[in-house]
Number of protein chains: 2
Amino acid sequence: MAAQGLVIVNTGHGKGKTTAAFGQALRAAGQGMKVCVIQFIKGQTKTGEALAFTSAFPGQVELHLAGTGFTWKQEMETVKEAALAGWQLAREKILSDAYDLIVLDELTYLIGLGIVPEDEIITLFRARPKRLHLVITGRDASEGLIDYADLVTEMRVIKHPYQNGIKAQKGIEF
Amino acid sequence: MAAQGLVIVNTGHGKGKTTAAFGQALRAAGQGMKVCVIQFIKGQTKTGEALAFTSAFPGQVELHLAGTGFTWKQEMETVKEAALAGWQLAREKILSDAYDLIVLDELTYLIGLGIVPEDEIITLFRARPKRLHLVITGRDASEGLIDYADLVTEMRVIKHPYQNGIKAQKGIEF
């Protein structure tokens, strides 16, 4: 019997949503699975995770950036365009049946910002190959997405170093 | 100025505590950092994360198992012995100044089970090299540990697949 792919959602306002998704990708890669990661919204290219996957798992873990970096100064149209291109790529990857695990990092914002309707996203998820696991991250996951998912975890902030004036550091935050 | 090492705690009853710690280790490895992971309590050797780190980052990421697998059938003495040996190893690694990041997976149980006093743990953390980041995982982190940490995240279960009768799967759970 083929394993049933799970839909995993990491949400909440705390740290660790993307980090856990990358840990999940690492675990899957270690078990010989084919992995594709699509990062929405974010535009940073030289992250530790990107460098690690590119050097350590070439041909087994793919990483795509579908963001421009999210700042309020930026034109919403530019953010939207990049996100829609990423969503188109996600559709192709999901339906390709070439992967065991696909990470859609920060996907929840596409619903939250009204860029892609929740219905369209869940319809695509339902049409995916049976074995395919999906990991979705982002704040404020919508009700329909939580309802459809198999595993949902909320990352809650108990304490954050910025509260103590400590800056983001290479290797830790990116 | 040397960066100030952070103490990061992933706690709570939800998924993603260890997964996020491994994601953190991956990110740090990608940025060229030296990483040591010590897994307490757990006794499983062929996990995806172990296989991935051993094959992908030899000499850069070290992984040590200091557990026997935690089951209630097991003698508490055996669990305790393995944990104490792991704690001794952690002490050596922390003071060695050979690492940028050390993950102490499931360390909170050592406090919770009365194997190592919280005071002794925090005293060692205070004596660590300035640059050294620590990531600690496990349920029910003690108050003193939370107080000492820079970044604390609680992973909360919103929905769990076992509730729907779906079994743990290779590449996802281990």
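Rules and cut-offs
Residues numbered from 1 in each chain as written. Chains lettered and ligands numbered in written order. Predicted model: local features only at pLDDT ≥ 70, side-chain atom pairs only at ≥ 80, totals over all residues. Helix = DSSP H or I, 4+ residues; strand = E, 2+ residues; numbered from the N terminus. Rg over C-alpha atoms; globule rule 2.2 N^0.38 Å. Buried ≥ 20, exposed ≤ 12 C-beta atoms within 10 Å, placed from the backbone. Contact = placed C-beta atoms within 7 Å. Pairing = 2+ DSSP bridges. Axes fitted to C-alpha atoms, helices over the stretch in contact; angles between N-to-C directions. Least-squares fit on C-alpha atoms with pLDDT ≥ 70 in both.

1. So, the overall build of chain A
In terms of regular secondary structure, chain A is built from six helices and six strands. Beginning at the N terminus, the succession of helices and strands in chain A can be written as β-α-β-α-β-α-β-α-α-β-α-β. What you see for chain A is a C-alpha radius of gyration of 16 Å, in line with the 16 Å of a compact globule of 174 residues. The principal-axis extent of the C-alpha atoms belonging to chain A is close to 50 × 35 × 30 Å. The burial tally for chain A puts 49% of its 174 residues in the buried class. Considering only intrachain contacts with a sequence separation of at least 6, the fraction spanning at least 24 residues in chain A is 81%.

2. Considering the sheet that holds strand β4 (residues 101-105) of chain B
The 12 strands are arranged β3(A)-β2(A)-β4(A)-β5(A)-β1(A)-β6(A)-β6(B)-β1(B)-β5(B)-β4(B)-β2(B)-β3(B) in an open sheet whose pairing can be described as mixed. Lying at the two open borders of the sheet, with one neighbouring strand each, are β3 (61-67) of chain A together with β3 (61-67) of chain B. For this sheet, the mean angle separating the axes of adjacent strands, direction not counted, is 15 degrees. Of the pairings in the sheet, the one linking strand β2 (residues 35-41) of chain B to β3(B) comprises seven bridges and is parallel in character. Looking at β3(B), one finds that Phe40(B) is bridged to Ala66(B). Strands β2 (35-41), β3 and β4 (101-105) of chain A of the sheet are contacted by helix α3 (residues 76-96) of chain A, whose axis makes an angle of about 150 degrees with β3(A).

3. Digging into the relation of the copies chain A and chain B
Its rotation angle being 180 degrees, the transformation that places chain A on chain B also includes 0.0 Å of axial translation and leaves an RMSD of 0.0 Å. Look at the turn and shift together and you get a two-fold axis relating the two. Most of the interface of chain A is mirrored in chain B, where 100% of its interface residues again form contacts.

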